[in-house]
Amino acid sequence: MDQQASCRVCRGRLREFLDLGRQPLSDAFVDPSGSGEEFFYDLVVAACTDCTMVQLANEVPRERMFHEDYPYVSSGSATMREHFGRTAEQFVQRELVGPDPFIVELGCNDGVLLRHAADAGIRHLGVEPSRGVARVAQASGVDVRVDFFELRTAQEIEQERGKADVIFAANTLCHIPYIDSVLEGVRSLLRGGGVFVFEDPYFVDILEQTSYDQIYDEHFYFFTATSVDNMARRFGLALVDVERLPVHGGEVRYSLAHAGTREPTPAVAAMIAEERGAGIADIGRLERFAEAVRTNSTNLVGLLRELDAAGKRVLGYGATAKSATVLNFAGVDSGLIEAIHDSTPAKQGRLTPGMHIPVRPPEAFPDPYPDYAVLFAWNHAAEIFGKEQGFRESGGQWILYVPDVHVV
Ligand code: DWN
Ligand code: SAH
Ligand code: ZN
């Protein structure tokens, strides 16, 4: 674990504003029969006083997080399958229109987006270091390089296949501390006139909804239009468009191009102005957020203890990476939440990182239904409420903690 002395983007001064304590790796589900030692790190969030970039104060080595057994599969949600299907279609219609176009995706995971390019016969390459999910993509016909994207990778791809018309990254750029190397690689690999599009959780949404569960080892950066605009300029790129997305609890899709090649849309300046109003660089606002996080955590554990004292049965739903922060910060273990139900095969039969709550398949959720269920996959609420109508019909109630702890 490396502690950052200064901003990872501009070397400016970092101001820490939230300490979420000692945390395990959010996607390291524990084998109950194994004796493997868990890895812990200090989860502390800081903002750069120069370029405003919000980032973690400590960096976890990338091989500890992204490897053969990385359990998250992007195609596990119908909402996300549809989202990436639409995204692929937009690229085909608007950007991949020249002769023999080429799209590169960073963090293609199981191929949820690139399989559409493969099906349409479009030249593509996924760069994905987690071999298990990469194999799933390859099995569906997607061309994947099992590797970390950085300057070296970008140069090799360019030599082997030429420049890209579109470079895309969903929920991946914010995972990469060595973002300077990535942006240098992008600038070199991207064709003049091409576009680099990435989408990640929006820091303003995190502030305004107190969705502090977005903060964990894999999420190193928390972007805003302001910080991305500053960052792009340092690498000869420009922020030319922004679009808010409803997925994953509130994201922004940023479009970058070589400086001077595309006219920025009015949405860029509008979002930067709005962010000033939201106080993204105001230490008072950041400290109020930190206070709201502590209150949220205290309220959740308070409610769970009350239910426990009243003899109620409580389960969890969605063994998300996000839930690791909430459970470990509040100290919620299997005494308060008996099990968490999740559809991901690689998580089932294992224990959640740090707090060791058993993960069970959704089929076991009604067996019998609990009195309460904490929805850790709150970003997939519509999809999960749709599937689990029987729980409400049985008299069960959902507990949510975004934007505050409440029962529905
Ligand atoms: O950024 C990241 C995002 C894209 O995915 C990664 N760092 C890790 C991961 O984060 P997460 O685990 O918080 O993502 P989700 O998409 O909120 O995870 C949902 C979880 O809930 C998955 O484990 C699957 C599960 N699930 C379920 O059991 N039934 C999901 C749905 C939609 C369902 O119906
Ligand atoms: N794009 C998918 C997956 C997001 S999970 C989605 O939106 O659902 C983050 C992914 O980034 C993981 O699959 C992880 O293996 C990958 N990743 C991490 N570091 C990377 C890097 N340097 N280059 C490419 N992919 C990376
Ligand atoms: Zn900075």
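Above this text sits the structure in question.
Calculation rules
Residues numbered from 1 in each chain as written. Chains lettered and ligands numbered in written order. Predicted model: local features only at pLDDT ≥ 70, side-chain atom pairs only at ≥ 80, totals over all residues. Heavy atoms only, no water. Helix = DSSP H or I, 4+ residues; strand = E, 2+ residues; numbered from the N terminus. Expected span 1.5 Å × (residues − 1). Buried < 20%, exposed > 50% of the residue type's maximum accessible area, 1.4 Å probe, protein only. Contact = heavy atoms within 4.5 Å. Polar contact = N/O pair within 3.5 Å; in protein donor to acceptor, adjacent residues only side chain to side chain. Donors = N, O, S within 2.8 Å, 3.2 Å for Na, K, Ca; no water. Tetrahedral: all angles 85-135°; square planar, octahedral: opposite > 155°, others 65-115°. Core = buried A, V, L, I, M, F, W, Y, C linked by side-chain atoms within 4.5 Å. Pairing = 2+ DSSP bridges. Axes fitted to C-alpha atoms, helices over the stretch in contact; angles between N-to-C directions.

Considerations on helix H2 (residues 78-94)
Part 1 of the reasoning: Here H2 contains 17 residues, and its C-alpha end-to-end distance of 24 Å stays within 8% of the 24 Å for a straight helix at 1.5 Å per residue.
Part 2 of the reasoning: Looking at H2, one finds that the buried residues are Met80, His83, Phe84, Gly85, Thr87, Ala88 and Phe91.
Part 3 of the reasoning: Contact partners of the buried residues in H2: strand S6 (102-106), helix H3 (114-119), strand S9 (164-170), strand S10 (190-201), strand S12 (237-245) and strand S13 (251-258).
Part 4 of the reasoning: N-capping of H2 is provided by Ser77, with a side-chain oxygen placed 3.2 Å from the backbone N of Thr79.

Considering the coordination of the zinc ion (ligand 3)
Part 1 of the reasoning: At 2.3 to 2.4 Å from the zinc ion (ligand 3) lie its protein donor atoms, namely Cys7 (SG), Cys10 (SG), Cys48 (SG) and Cys51 (SG).
Part 2 of the reasoning: Each of the 4 donor atoms bound to the zinc ion (ligand 3) contributes to angles spanning 99 to 114°, and the resulting shape is tetrahedral.
Part 3 of the reasoning: Along the chain, the residues that donate to the zinc ion (ligand 3) are spaced as C-x2-C-x37-C-x2-C. Within this pair, whereas Cys7 is found in the loop between strand S1 (2-3) and strand S2 (14-24), its partner Cys51 is found in the loop between strand S3 (40-48) and strand S4 (54-56), the two being separated by 44 residues in sequence.

Examining the nonpolar core
Part 1 of the reasoning: The biggest cluster of nonpolar side chains holds 115 residues, and the ones touching the most others in it are Phe196, Ile215, Phe223, Tyr254 and Ile337.
Part 2 of the reasoning: It is helix H10 (residues 283-309) that provides the largest number of residues to this core, a total of 9 residues.
Part 3 of the reasoning: Discounting residues that sit within four places of it in the chain, Phe223 has contacts with Met53, Leu173, Cys174, Ile179, Phe198, Asp200, Pro201, Tyr202, Phe203, Val228, Met231 and Tyr254.
Part 4 of the reasoning: The next biggest cluster of nonpolar side chains, apart from the first, holds 24 residues, and it includes Ile122, Ala134, Val166 and Val197.

Overview of the side chain of His380
Part 1 of the reasoning: When you line up the elements, His380 lands in the loop between strand S17 (372-375) and helix H12 (381-387).
Part 2 of the reasoning: Sequence-distant contacts of His380, that is, excluding residues within four places in its chain, are made with Ser77, Met80 and His248.

Focus: the sheet that holds S4
Part 1 of the reasoning: Strand order in this open sheet of 4 strands is S2-S3-S4-S11, and the pairing throughout is antiparallel. Each having just a single partner strand, S2 and strand S11 (221-222) make up the two edges of the open sheet.
Part 2 of the reasoning: Where S3 meets S4, 3 bridges bridge the pair, whose relative direction is antiparallel. In the sheet register, Ala46 faces S4, and the bridge partner there is Gln55.
Part 3 of the reasoning: Set on the sheet, H10 makes contact with S2 and S3; between it and S2 the angle comes to about 20°.

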